[in-house]
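What the coordinates show
Each chain, written out:
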Amino acid sequence: MKNAYPTWFAGFALLLTGVFVLLPSVLGFGFAFTDWSAYSKSLHWVGLDNFATIFDPSNDYIGAIEHTALFTVATTVLKTVIALALAILLTSGIRRLAYLHRGLIYLPAVLPVLVVGIVFRSILDPSTGLLNTSLELVGLGGLAQHWLTDVGLTIWAVIGVDTWRGVGYIMVILIAGVLAIPREYYEAASIDGASGRQAFIHITLPLLMPVLAVTTVLNLLYGLRVFDMVFVLTNGQYGTSTVYTIVFDNFSRGLYGVATALSTLFFVVMLVLSYFVIRVMSRSEAA
Amino acid sequence: MQLARALRTGTLNLGAGGASLVALTPIYLIFVNALKTQPEASSMGVELPAIPQWANFGTVIDQGKLVSAFFNSVLYSVGGTVLAVLVSAFAAYVLARNRRRRHQVIYLLLIMGIAIPTNFVTLMKVMQVTHLIDSQIGMILLYAATQIPFSVFLIYAFVDSLPRELDEAAFIDGCSPVRTFFAVVLPILRPVLVTTGILSLLNIWNEFLMPLYFLNSTSRWPMTLAVYNFFGQFASDWSLVSADIVLTVLPVILVYVVAQRWILSGVSAGAVKG
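As a starting point, this report considers the structure included with it. (Residues numbered from 1 in each chain as written. Chains lettered and ligands numbered in written order. Predicted model: local features only at pLDDT ≥ 70, side-chain atom pairs only at ≥ 80, totals over all residues. Heavy atoms only, no water.)

Here the focus is the overall build of chain B. Looking only at helices and strands, chain B has 12 helices and zero strands in total. Secondary structure elements of chain B, listed N to C terminal, follow the sequence α-α-α-α-α-α-α-α-α-α-α-α. Taken over the C-alpha atoms alone, chain B extends approximately 70 × 70 × 30 Å along its principal axes. Out of the 274 residues belonging to chain B, those deemed buried represent 53%. Across chain B, the fraction of contacts at a sequence separation of at least 24, relative to all contacts at a separation of at least 6, is 72%. Here chain B has roughly 12,100 Å² of accessible surface; of this, 66% comes from carbon and sulfur atoms. (Helix = DSSP H or I, 4+ residues; strand = E, 2+ residues; numbered from the N terminus. Buried < 20%, exposed > 50% of the residue type's maximum accessible area, 1.4 Å probe, protein only. Contact = heavy atoms within 4.5 Å. Areas by Shrake-Rupley, 256 points an atom, 1.4 Å probe, with all protein chains shown as cover.)

Another aspect to go through is the nonpolar core. L189 and F214 of chain B are the most contacted members of the largest nonpolar core, which totals 176 residues. Judged by nonpolar contacts, the second largest core, of five residues, contains Y186, A189, A199 and I203 of chain A. (Core = buried A, V, L, I, M, F, W, Y, C linked by side-chain atoms within 4.5 Å.)

Let us look at the interface of chain B and chain A. Tallying the contact residues gives 90 residues for chain B and 85 residues for chain A. Carbon and sulfur atoms make up 80% of the surface buried where chain B meets chain A, a total of about 7,900 Å² over both sides. Here chain B is connected to chain A by zero salt bridges. Tallied by class, residues from the side of chain B that touches chain A come to 64 nonpolar, 17 polar and nine charged. (Buried area = accessible area lost by both parts, 1.4 Å probe. Salt bridge = Lys/Arg side-chain N within 4 Å of Asp/Glu carboxyl O. Nonpolar A, V, L, I, M, F, W, Y, C, P; charged D, E, K, R; others polar.)

Right, let's get into unusual backbone geometry. Residue and element names in this part refer to chain B. For M44, which is not a glycine, the phi torsion comes out positive at approximately 50 degrees. Here M44 lies in the loop between α1 (2–33) and α2 (55–63). Taking the relative accessible area as the measure of exposure, M44 reaches 2% and is therefore buried.

This next bit is on the packing of helix α3 (residues 61–90) of chain A against helix α11 (residues 243–252) of chain A. All names here are of chain A. The N-to-C vectors of α3 and α11 enclose an angle of 140 degrees; their axes lie 8 Å apart at closest approach. By the angle between their directions, the pair α3 and α11 is classed as oblique. Contacts from Y61, A64, I65 and T68 in α3 reach V243, I246 and N250 in α11. Considered class by class, the residues forming the contact of α3 with α11 number five nonpolar, two polar and no charged. (Axes fitted to C-alpha atoms, helices over the stretch in contact; angles between N-to-C directions. Parallel < 35°, antiparallel > 145°, perpendicular 65-115°, else oblique.)

Among the residues of helix α11 (residues 223–233) of chain B, M223, T224, L225, A226, V227, F230 and F231 of chain B are the ones counted as buried. As for α11 of chain B, its buried residues are in contact with α5 (113–123) of chain A together with α2, α3 (66–97), α9 (190–206), α10 (209–214) and α12 (238–269) of chain B.

Let us look at a nonpolar patch on the surface. All names here are of chain A. Taken together, the side chains of L70, V73, V77, L78, V81, I82 and W156 present a nonpolar region at the surface, about 590 Å² in accessible area. The biggest single contributor to the nonpolar patch is α3, with six residues. Inspection of the secondary structure puts L78 in helix α3. (Patch = residues over 30% accessible without salt bridge, like charges linked within 9 Å, V, L, I, M, F, W, Y side chains within 5 Å.)

A word on the side chain of D167 of chain B. Here D167 of chain B shows up in helix α7 (residues 165–172). One polar contact links D167 of chain B to Y5 of chain A, side chain to side chain, over a distance of 2.5 Å. If sequence neighbours within four positions are ignored, D167 of chain B has contacts with Y5 of chain A together with Y93, R97, T180 and V185 of chain B. (Polar contact = N/O pair within 3.5 Å; in protein donor to acceptor, adjacent residues only side chain to side chain.)

Here we come to the pattern of salt bridges. Residue and element names in this part refer to chain B. Under the defined criterion, the tally for this structure stands at seven salt bridges over all chains. Put simply, D160 and R99 hold a salt bridge, and the shortest N to O gap is 2.8 Å. Taken together, the positions of D160 in helix α6 (residues 136–160) and R99 in the loop between α3 and α4 (101–111) put the pair 61 residues apart, joining distant regions of the chain. The partly exposed category is assigned to D160, whose relative accessible area is 39%. As a salt-bridge pair, D134 and R220 come within 3.4 Å of each other at their nearest N and O atoms. Taken as a pair, D134 in the loop between α5 (120–129) and α6 and R220 in the loop between α10 and α11 lie far apart in primary sequence, 86 residues in all. Classification of D134 as buried rests on a relative accessible area of 16%.

This is the structure:
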């Protein structure tokens, strides 16, 4: 009997992802070891030269890796904590308005990153921006800052804007997680005289762990790959360079070999991470 | 007791209202400043315009070449989405029904793109060799490819939850696999196809790096890249920049308002098994 589910059905999708997603990554392993650039027609094998450039302290690519790590950890923690608080808030019995609030808080996540970046460049403007003028209005003018040009502070401004944009996404997932917890648990707890805080610590939090694992993974994967938000807000300047702004920088300067080497190095890091992601995902599926 | 409850509800509403306000303010800023004169909008303030400057929209449509950009955006997002959803449904269906080793490997290869980043540098090489640089067909194919991993992931989970008997019965009745897929399976998949379709539509509409890398001709630029370019040219004129942004995000917000239910369910579907 013929197969009802012929494998060639998967061929179209595999062809498209193969050519545009997988092939470029595979090619990276070859071009990473060449002096491929916009300035010469021929390619030469240069061994590990590009990787030496990456780890050369005078180029401060290590700084970019540090910024990426800080951005990733900070946005993951901030988004998780705020989203969890909002998810609890919106599932605590204000049913009618909760849908409206959920919809509004998610709204920033459907906007183009480009637009978010441009608007916040105006809001964070040191002299005319809404943030500083509001601070002055309420007598906190001393807190006004050069948010997007002050090395050391700017990365936090970028983290803040990205949290504003992304927190609704995590919140929507956590709300679904909270609503999936059977109500009977809470009823039993309240009959036993448990307080709201006890119910949160002993029921909500433990049962939400698989979902929190998923959102953490999503946050980490997003943070490590961050590019467009930084590109629009600061173009990687003032202490906000990340791995992908460095890749872009080399790319736009025509240094394709170095750009590919850094991309490929990071591809390997993400591949290892994805392995753990799939394990976490399949565990939450089993739960 | 009654008072305590009212107080609690009040506090909860206040907290949620505050969060919504923080989420909305920047969006409000764009809309209100789009209607101001250039001097009025110079600080991107919260004040309403003295006289709404509706002509701003005409100006940006002209100067920002937004008519062609709009149709390019529609072409890329609709074309990319239709292609991505169709081939993803095709693939997810057979991969969810066959569980041999080779199918699991294909599934893994397809969804790997959710996690791994695009290597833009070598992708440029691929685009050059395939003559897809600076081409609209190239953009559609590329965008479709970027949306396949997550689409396959969502549709696969949905197919998995459907009883096998549905499609097996059709096949045994003499339908070919292709006919079974189109006549029986595709209609049942409708809810998940709508969800993946809308998510993909928004993703492609909002994206601006691919055209930045791979499109040279301004006549092929989508809305986002037109905004990017416009911002570079008129950075000091926030009223025009805002008007340009409004025209770019208005379709997004409309789709969001209409399709919120599907978007929010799709977002959490991958992460929460209910």
